[in-house]
Amino acid sequence: MRDRFVSTTTALLDEDPRTAVVLADISAALFAKAAAQHPDRVLNMGIREQLMVSVAGGLALTGLRPIVHSYATFAVDRAYEQIKLDLNHQGAGAVLVSVGASFDGSGYGYTHFSPGDVALLDTLDGWTVQVPGHPDEVETMLRAAAGHDGRVYVRLSTQHNAAARPTTGRLEKLRDGKGALVVAVGPMLDPVLAGVEGLDVAVAYTNTPRPFDAAGLRELTAHTDTVVLVEPYLAGTSSRLIADALRGVPHRLLALGVGRADLRRYGSPKDHARWHGLDPAGLRAAIGGFVW
């Protein structure tokens, strides 16, 4: 996904004079050629993530379309105050593109974990949040985001599904079932499909959890009162949106995702997925135990 982000953003710099890239050392080497060709629109702030976001806000106010990039823990967690003040409060837009996801950088330790990034952005108004499940979805999302002036967060991951899906923002139903509706976000789709194989549940997919497709959820739950939400970040992040969408409709909800406990472990991303119950076996046990 990061490779597709770099190639697409480099092409946008060539195609659209409004496009600017603001970095804080992360991926700077990957943009070296683009920086040489567009030195006024590829800016590396060094290890100053807060400044990176503030500069992006200033660029946006001049009419440019800044694409801001770093690890999620640096771009969102560390720079949250600047996102709040220099983007939201100033009415400025930007495309914030992160790598590292919840625990892709597990080899670097907890400093590179960011399971709470989407929850943090949920405290602010007006953010579109996109969680691609495949590199092809990344390119489509970036090109769309570069064409307007809103606030967009694109959350990249090393985990991805085998095939790309549409990026319409609508919930896409992929299989039928009566026991429950399982909503998989971004790269959780393939683990979900593997985990529920043989179970009588429907599966729907979204790579745009903000704004959440409330109308689509109401339509897909017309014949079931049970919803299972599987997100690749903090468990329960979208629970309030499920509750709002199904207000007045009796329902049960199981929210699966990254747990709140600090496991104090390194390991691989696959290890962390297993420890948090987000591998196919863990998902099958949780979903089966809740639905039946």
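Look a little higher up for the structure.
Counting of residues starts from 1 at the beginning of each chain's written sequence and follows it residue by residue. With pLDDT at 70 or above as the cut-off, local features in this predicted model cover only qualifying residues; side-chain atom pairs require 80 or more to be listed or tallied, and sums for whole chains, interfaces and linings still use all residues. The side-chain values count all of the structure's non-hydrogen atoms but skip hydrogen atoms and water molecules.

A. Focus on the layout of surface pockets. Here a cavity is any set of points on a 1 Å grid over the protein atoms alone where a 1.4 Å probe fits but cannot get out, and a pocket is any open set with protein on both sides within 12 Å along at least 5 of 7 lines; a residue lines the site when it has an atom within 4 Å of a point. Grid points are joined across faces, edges and corners, and a volume is the space filled by probe spheres set on the points. Volume-wise, the largest pocket comes out at about 320 Å³. In this structure, the largest pocket is lined by 20 residues; those nearest its centre are Phe103, Gln159, Pro269, Lys270 and Ala273. Numbering of helices and strands runs from the N terminus, with a helix taken as a DSSP run of H or I at least four residues long and a strand as a DSSP run of E at least two residues long. For the lining of the largest pocket, the element with the highest residue contribution is helix H11 (residues 269-275), accounting for three residues. Residue composition of the lining of the largest pocket, by class: twelve nonpolar, four polar and four charged. Per-domain counts for the lining of the largest pocket show at least three residues from each of domain 1 (2-155) and domain 2 (172-291). For this classification, Asp, Glu, Lys and Arg are treated as charged, while Ala, Val, Leu, Ile, Met, Phe, Trp, Tyr, Cys and Pro are nonpolar and the rest, including Gly, are polar. Note that the domain bounds reflect an automated or database-derived domain assignment.

B. View of the sheet that holds strand S11 (residues 252-258). At least two DSSP bridges between two strands are needed for those strands to be called paired. Strands sit in the order S7-S9-S8-S10-S11 across an open sheet of five strands; the sheet is mixed. On the outer flanks of this sheet lie strand S7 (172-175) and S11, each paired with one strand and no other. Between one strand axis and the next, the sheet turns through 25 degrees on average, direction left out of account. Pairing of strand S8 (residues 181-185) with strand S9 (residues 202-206) involves five bridges; the strand directions are parallel. By the bridge assignment for S9, Ala184 is matched with Tyr205. In this analysis, axes come from line fits to C-alpha atoms, helices being fitted only over the stretch in contact, and the angle between any two N-to-C directions falls in the range 0 to 180 degrees.

C. Spotlight on the nonpolar core. The set of buried Ala, Val, Leu, Ile, Met, Phe, Trp, Tyr and Cys residues whose side-chain atoms join them within 4.5 Å is what this entry labels a nonpolar core. Between buried and exposed lies partly exposed: a residue is buried under 20% and exposed over 50% of the maximum accessible area for its type, with that area taken using a 1.4 Å probe on protein chains only. In terms of nonpolar packing, the biggest core is built from 41 residues, with Met52, Ile83, Leu96, Trp127, Tyr153 and Leu217 touching the most fellow members. Here this core takes five residues from helix H3 (residues 49-61), the largest share from any one element. For Trp127, the residues in contact, after removing those within four places along its chain, are Ile83, Leu87, Asn88, Ala94, Leu96, Leu121, Arg151, Val152, Tyr153 and Arg210. Residue contacts follow a heavy-atom distance rule, with two residues in contact if any of their heavy atoms lie within 4.5 Å.

D. Geometry of the sheet that holds strand S5 (residues 127-130). Strand order in the open sheet formed by six strands is S2-S1-S3-S4-S6-S5, and the pairing between neighbours is parallel. In this open sheet, the two strands that pair with only one neighbour each are strand S2 (42-44) and S5. On average, each strand axis in the sheet is inclined to that of its neighbour by 20 degrees, with strand direction left out of account. Across four bridges, the pairing between S5 and strand S6 (residues 151-155) is parallel. In the sheet register, Val129 faces S6, and the bridge partner there is Tyr153. Contacting strand S4 (95-99), S5 and S6, helix H5 (residues 80-89) crosses the sheet at an angle of about 120 degrees to S5.

E. Geometry of unusual backbone geometry. Following Arg210, the chain continues into Pro211 via a peptide bond in cis, with omega recorded as -5 degrees. Mapped onto the secondary structure, Pro211 falls in the loop between S9 and helix H9 (214-220). One non-glycine residue, Asp25, lies in positive phi territory at about 75 degrees. Counting through the fold element by element, Asp25 comes out in the loop between strand S1 (19-23) and helix H2 (32-37). A positive phi is found at Ala101, a non-glycine position, where the angle reads about 45 degrees. Position of Ala101 relative to the elements: it lies in the loop between S4 and helix H6 (117-121).

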